[in-house]
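# Residue-level structural notes
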Amino acid sequence: MVQAPQPVDVSDIDLSDLRFWGRPPGERYEAFARLRRRGPVFFAEAGWGPIPPGPGYWALTRHADVVEASRTPAVFASEPSAISVPDLPRDFNEFFGSMISMDDPRHARMRRIVSRGFTPRMLGKLDDDINRTAARIVDGLLDAGPCDFVSTVSARLPLTIICEMMGIPRDQHRTVFESSNVVLAGADPDYLGEDADTALHQLLTAGGNLAALLAELAEDRRSAPRDDLTSALVNADVDGEALTGQEIGSFFILLAVAGNETTRNAITHALDLLTRHPDQRELWWSDFEAHAGTAVEEVVRHASPVVWMRRTLTEDHEMNGHRYRAGDKVLLYYASANRDETVFADPDRFDVTRSPNPHVGFGGPGPHFCLGAHLARREITAILRELHRRVPTIHATAPPRRLLSNFVNGVKELPCAF
Ligand code: HEM
């Protein structure tokens, strides 16, 4: 059903102002509720250092708009960039964004090749690794006692699994961790220099480190393939398709940021949510396996670790009563669509039995839908299963210390005890 714009005052909301993202989550969600009632709103773009501010963007905050834009990629294109509001040079975007900022046919080719690593058979093979790593992490937690949950638990699992999948040697996992923190730091001064030139330099250095690490690994696997994803991607398959050295570097950067930070934040938010909603913890813990499927989806909906992705209009187009022009930018606010009261009853409520739950936390239906969604679900389930079994009383002892970012719903620190 098309919702007509309503006279709702949104003049106090500026999504381009970083201070908005430093406001408490409750205030932000209240602002998004007003934006949803209002319909698409245009925001001026914030410039970034030497990069000139462009012409601004429409904020898509309703579930229906996010879903329709996602499944109409010929009109809502991912090029020139899905992950930055300013139009950065294409090379820069592809270095950091890989296929997430590509359209067909280039996107389809990349997706076909890298999907080899994410088939049910490949993921099934990873299950043992995931369970073993989750058990080892909980051993460490029990040894540590009260501690920071992010660095002791949630940051470890996704990073280890991506590195193991790719075949990265253990002694280089730390470099991957530190570099991916910088690439996805948003504007947080804990990770990036305050002025844009320094920040840009840090970003390029971190990306360069990740790409160099992979280039070396790819070279090795080309001559001596092993049973890892890097070998599968650099050695041509039956149709003669393989990734070039540069493509594998960029794809790895995408995995290191897309698969690492997101899953880490989902796990951290899970502990925070279970602490703040003891009734839901009790319910889930009363029969872990019965509720795990719906509970994990609800964590992803409620937390929305990825706040938005960008699309750019290839032609004039009308959607849900609004007319867009060719060249317009739109930001698909997953975090807002996942709170849309026309789709989710009582959307702020954390309900581990919510069903159906058509959230867009992994993106809307379309060619870019999260490649790692099944892997993320397996990881989140595995670590929570282990916590439920061995540390059932674990809880957060203070509110999360949040990352200052408009793109990732990140948590830097969450003290826990059990
Ligand atoms: C809770 C964890 C995760 C969340 C919330 C998440 C979210 C997302 C979102 C919102 C997109 C964009 C969808 C679109 O543009 O339509 C995406 C794409 C992607 N994700 Fe995830 N993700 C998660 C975990 C992972 C993991 C574990 C991996 C891999 C190891 C991964 C790899 C990717 C890749 C490669 C893409 C780009 C796909 C394409 O362009 O075709 N993600 N993810």
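The residue numbering used here restarts from 1 in each chain and proceeds along that chain's sequence as written. Selection of residues for local features in this predicted model requires a pLDDT of at least 70, selection of side-chain atom pairs for listing and counting requires 80 or more, and totals for whole chains, interfaces and linings are taken over all residues. Hydrogen atoms and water are omitted, and side-chain values are computed over all heavy atoms in the structure.

As annotated in an unreviewed UniProt entry, the protein chain carries the name Cytochrome P450 and is attributed to Actinorugispora endophytica.

### Section: the coordination of the iron atom of the ligand
The line we're drawing: For Na, K and Ca the donor cut-off is 3.2 Å, while for other metals it is 2.8 Å, and in both cases only N, O and S atoms qualify; water is not among them, so sites may look incomplete. Each helix is a run of H or I in the DSSP string that is no shorter than four residues. Each strand is a run of E no shorter than two, and both are numbered from the N terminus.
Counting protein donors to the iron atom of the ligand gives just one, C370 (SG), placed at 2.3 Å. Among the secondary structure elements, C370 is positioned in the loop between helix 16 (334-337) and helix 17 (373-390).

### Here's the deal with the sheet that holds strand 3 (residues 76-77)
Inclusion rule: Should DSSP find at least two bridges between two strands, the strands are regarded as paired. In what follows, a contact means two residues having at least one pair of non-hydrogen atoms within 4.5 Å. Only the stretch in contact is used when fitting a helix axis, every axis being a line fitted to C-alpha atoms; angles between N-to-C directions are given from 0 to 180 degrees.
Taken together, the five strands give an open sheet; going across it, the order is 1-2-8-5-3, and neighbouring strands pair in mixed fashion. For this open sheet the edge positions go to strand 1 (41-43) and strand 3, each flanked by a neighbour on one side alone. Inspection of the sheet shows strand 1 paired to strand 2 (residues 57-60) by three bridges, in the antiparallel sense. Residue pairing in the sheet places F42 in a bridge with W58 of strand 2. Packed onto the sheet, helix 3 (residues 63-70) meets strand 2, strand 3 and strand 8 (329-333) and runs at close to 120° relative to strand 8.

### A look at the site of the ligand
In plain terms, the rule: We call a residue near a given molecule or strand whenever any one of its heavy atoms falls within 4 Å of it. Contacts described as polar in this section are N or O atom pairs within 3.5 Å, which, within protein, must combine one atom able to donate a hydrogen with one able to accept it, while residues neighboring in sequence count only if both atoms come from side chains. In the scheme used here, Gly and all other residues not listed as nonpolar or charged are polar, with Ala, Val, Leu, Ile, Met, Phe, Trp, Tyr, Cys and Pro taken as nonpolar and Asp, Glu, Lys and Arg as charged.
Surrounding the ligand, one finds 27 residues, the nearest of these being H107, R111, R311, H368 and C370. At 2.7 Å, a side-chain N or O of R111 approaches an oxygen atom of the ligand. One of the backbone nitrogen or oxygen atoms of A258 is found 3.4 Å away from a nitrogen atom of the ligand. Along the lines of polarity and charge, the residues of the shell around the ligand split into 17 nonpolar, eight polar and two charged.

### Quick word on helix 3
Worth spelling out the cut-off: Per-residue accessibility, obtained with a 1.4 Å probe over protein chains only, is compared with the maximum for each type, and a residue is labelled buried under 20%, exposed over 50%, and partly exposed between these values.
Among the eight residues in helix 3, six count as buried, and that is most of the element. Buried positions along helix 3 lie against strand 2, strand 3, strand 6 (317-319), strand 8 and helix 16.

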